[in-house]
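# Structure at a glance
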Amino acid sequence: MNIQDIFESMEYGPAPESDAEAQAWLEGRGRSLGHFINGTFTEAGTVFESRNPATGAVLAKVTQANGADVTAAVTAARKAQPRWAALGGHKRARFLYALARLLQKHARLFAVLETLDNGKPIRESRDIDIPLAQRHFYYHAGMAQLMEEELPGRVPLGVCGQIIPWNFPLLMLAWKVAPAIAMGNTVVLKPAEYTPLTALLFGQICQEAGLPAGVVNIVTGDGAVGEMIVGAEVDKIAFTGSTAVGRAIRSATAGSGKSLTLELGGKSPYIVFEDADLDSAIEGLVDAIWFNQGQVCCAGSRLLVQEGIADRFHTKLKARMDRLRIGDPLDKCIDVGALVDPVQLDTVTRLVTEGAKQGDLYQPSGTLPDGCFYPPTLITGLEPADTLMQEEIFGPVLVSTTFRTPAEALEIANNTRYGLAASVWSENVNLALDIAPKLTAGVVWVNSTNLFDAAAGFGGVRESGFGREGGWEGLLAYTRAGDVPARAKPVAPCAAPADPSRDDPLDRTAKMFIGGKQSRPDSGYSRAIWSQKGVLLGHVGEGNRKDIRNAVEAASKAAAWAGTSGHLRAQILYYVAENLSARAAEFARRIDDLTGKKGGKAEVEAAIDLLFTHAAWADKFDGAAKGVPLRGLALAVNEPVGVIGAICPPDRPLLGLISAMGPAMAMGNRVVLVPSDAFPLVATDFYQVLETSDVPAGVVNIVTGGQGSLSADIASHLDVDAVWNLSTPDLDQGIEAASAGNLKRTWCAGIGGGTSGREVLAQATEVRTVWVPYGE
Ligand code: NAI
């Protein structure tokens, strides 16, 4: 090829990055690697091969951990944790800073090793993965430094088990390890079996940084090792990976008291309106779906393009696809590298071969290199319900459909069981910012895509998991309140007297409260409630699954509550407090009769105080504008979770009810409350207060009955977004196991003197991160 040819074809020559240093590092370790436990590398045990997916070459043999290895790692982490936490924020910050510096110092070695092990283009590992991993350690060095000042009263959780995937091996390690150790936890981390090498190199820089032994432990192996970590004596599991495994981990940890965050799959929409800057949107799409060969949980894998521009857009897109360069990931001119493993190549090939029959498939011509390569692929003409529009492919495959109106775009975009991310492209700021909050997604990019930063929270809703990584919000997942209120203890209802006699001939069967109306129990059964003195106070309905269904339906219909202003919600909560105050004496008497104690007056006062607290917060639990080192702002917006089912404490029947209802309502959620089993009449009296306080129908629903069965009904309902168990801990297991169905959030806690403070507000909200262009 002469210079004239080059000018005409504009072909790039190869620009290979040397892998000599990475190969030398592997050679130096005999290409045989053990675990990193308690600050030292163990001898290799039973090994498996880690291969370069671009060439098939064996890079190293890596150890499959056994039970003893996992126990040794957890024991080391447990032993190191108190001293690590006691070091204080500043000393921990210095270690995190040292790790960040060492990641910078060895940046190219990490980048090349990552590319060898994973198959991603060196351009990406060098310019994205490794710099973002460094940024995570820098940022969290700052979080360690500020912890005592900015997170007063928060303490570390203890030992964190962390299980990460293969698509961003070092970056996912950074996302997990940096916040955990910044907050004073110690970790046992398992990299994915396809990509363990940079994690082990990270072990080496932990040694170089002089990190105390046991603070970071890395064990390698497959899913069986992951299962062992999940079952080990750890205080928290943080998982990123497939929804199926996330669900299994949710079930396995149910009732164990282990804290859990799950960052799972997605099928994120990429919406292009007809007034978008089409060339930018095309370039964005390259980053959305061909970045990392599409093996990105938040990949913009579902293109939604407005009908009027669809043909033009697809034509431009195909032309751009034709120019993507596929090949040796170590070549600096390569756009698309290799998939991680032949297994993944098979999965993508099978999904496309089976699914593309319904649509039109486009792949650029040209032969692919040998190895795990798959061509950039576009499939048009699919219907929203087609498999490829719904299932995560996790490869360089874009599916596309069209829409006519913004409303239709939203309908298609939200027609998914996932809710991780979304991109919106329009030059009309009003349109883009109108659509952004209506998308079901934890992260929304406006006129951009796949932007990440340590300061910006990342995480999903629905089956994309729960919990956030990054920012202040990410630290909630690695700390807890130092002063945790004790869990509720069971309370027996007052027994019927030996010779039950009614002193009141009137029927006093309290109904339930569903959709703003009093409603009889579906079961047709009710239960007598006696006072401590043996007087019949009334009957309450025995709620069942059908009543829960009706209540959830009513709550779902009241979705407009989520769109009300904090100011309005505050006014309504103050009004509830005022009306409760007007009937304070009656409620106090009722509580005293039921409990046989003299605490009624104080409990009513505490409930009114708490309502004021939540009314106060309704318009003050603000989000943040994160200064990210990219053009734009990442807005952290606190949004309601949706429909919350709350199992109220068995004692303090009024305060317990308000403790769940107040914060949920204040943040814009709708609630289905299951009141105290023993003293439900306080709750049924309370709906008369709600009826007179302008609370819209369906925002608060009250179903009386056995908390055991009703909590399971709520936790398994697919339209419930979160379950709070403020009642006894024996219900936790059933609730958390049933919650695995749609991976709803759960919160099992004691209420102490009532749910005030930021913890409960965080439970009542989801942080949506919206990236908007801002400034130059
Ligand atoms: P995976 O979810 O099986 O693997 C992720 C991690 O979990 C690995 O470290 C693995 O060893 C571990 N693991 C597997 N089974 C486990 C268990 N029962 N208990 C504890 N840990 C376990 O993902 P896989 O099989 O590698 O990929 C399959 C599909 O998952 C992909 O095609 C993609 O759709 C999705 N995926 C999503 C990711 C994301 O970032 N959301 C990342 C990786 C995969």
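Residues numbered from 1 in each chain as written. Predicted model: local features only at pLDDT ≥ 70, side-chain atom pairs only at ≥ 80, totals over all residues. Heavy atoms only, no water.

For the rest of this paragraph, the subject is unusual backbone geometry. Phi at Asn292 is positive, roughly 55°, even though this residue is not glycine. Relative to the helices and strands, Asn292 resides in the loop between α11 (278-290) and β13 (302-306). For Asn292, a relative accessible area of 0% puts it in the buried group. Located in the positive-phi region is Asn447, a residue other than glycine, with phi close to 50°. (Helix = DSSP H or I, 4+ residues; strand = E, 2+ residues; numbered from the N terminus. Buried < 20%, exposed > 50% of the residue type's maximum accessible area, 1.4 Å probe, protein only.)

As recorded in UniProt, the sites labelled "active site" (unreviewed entry) are Glu263. Relative to the elements of secondary structure, Glu263 occurs in strand β11 (residues 259-263). Beyond its immediate stretch of four places on either side in the chain, Glu263 contacts Phe239, Thr240, Gly241, Cys297, Leu420, Phe458, Ser464 and Glu469. (UniProt positions renumbered as here; feature names shortened; annotations may be inferred. Contact = heavy atoms within 4.5 Å.)

Here we take up the packing of helix α5 (residues 107-118) against helix α6 (residues 122-150). α6 packs onto α5 with a crossing angle of 125° between their chain directions and a minimal axis gap of 9 Å. One element, α5, and the other, α6, form an angle in the oblique class. α5 and α6 meet at a crossing whose hand is right-handed. Touching Ala107, Arg108, Phe110, Ala111, Val112, Glu114 and Thr115 of α5 are Ile122, Ser125, Arg126, Ile130 and Gln134, all from α6. The residue inventory of the contact of α5 with α6, partitioned by class, reads six nonpolar, three polar and three charged. (Axes fitted to C-alpha atoms, helices over the stretch in contact; angles between N-to-C directions. Parallel < 35°, antiparallel > 145°, perpendicular 65-115°, else oblique. Left-handed = near helix turned anticlockwise from the far one by under 90°. Nonpolar A, V, L, I, M, F, W, Y, C, P; charged D, E, K, R; others polar.)

A grouping of Ile3, Phe7 and Met10 is seen on the molecular surface, where their side chains present a nonpolar patch of about 390 Å² in accessible area. Ile3 gets classed as exposed once you look at its relative accessible area, which sits at 61%. (Patch = residues over 30% accessible without salt bridge, like charges linked within 9 Å, V, L, I, M, F, W, Y side chains within 5 Å. Areas by Shrake-Rupley, 256 points an atom, 1.4 Å probe, with all protein chains shown as cover. Salt bridge = Lys/Arg side-chain N within 4 Å of Asp/Glu carboxyl O.)

This next bit is on the confidence of the model for the chain. In the predicted model, the chain carries a mean pLDDT of 96, and the fraction of residues at 70 or more is 99%. Taken over the whole predicted complex, pTM reads 0.96, whereas the ipTM for its chain interfaces reads 0.96. (pLDDT = per-residue confidence, 0-100.)

Moving on, we come to the site of the ligand. Close to the ligand lie 25 residues, the nearest being Trp166, Lys190, Glu193, Ser242 and Gln344. Within the side chain of Trp166, one N or O atom sits 2.5 Å away from an oxygen atom of the ligand. At 2.8 Å from an oxygen atom of the ligand is found a side-chain nitrogen or oxygen belonging to Gln344. If the ligand stood free it would expose 800 Å²; the protein chains cover 85% of that surface. Elements with a contribution of two residues or more to the shell around the ligand: α9 (223-231), β10 (236-240) and α10 (243-253). Among the elements that make up the shell around the ligand, the one with the highest residue count is α9 (three residues). Classifying every residue of the shell around the ligand gives 12 nonpolar, eight polar and five charged. Split by domain, the shell around the ligand shows at least three residues from each of two domains, domain 1 (19-264 + 476-480) and domain 2 (269-289 + 296-459). (Near = heavy atom within 4 Å. Polar contact = N/O pair within 3.5 Å; in protein donor to acceptor, adjacent residues only side chain to side chain. Domains from an automatic or database assignment.)

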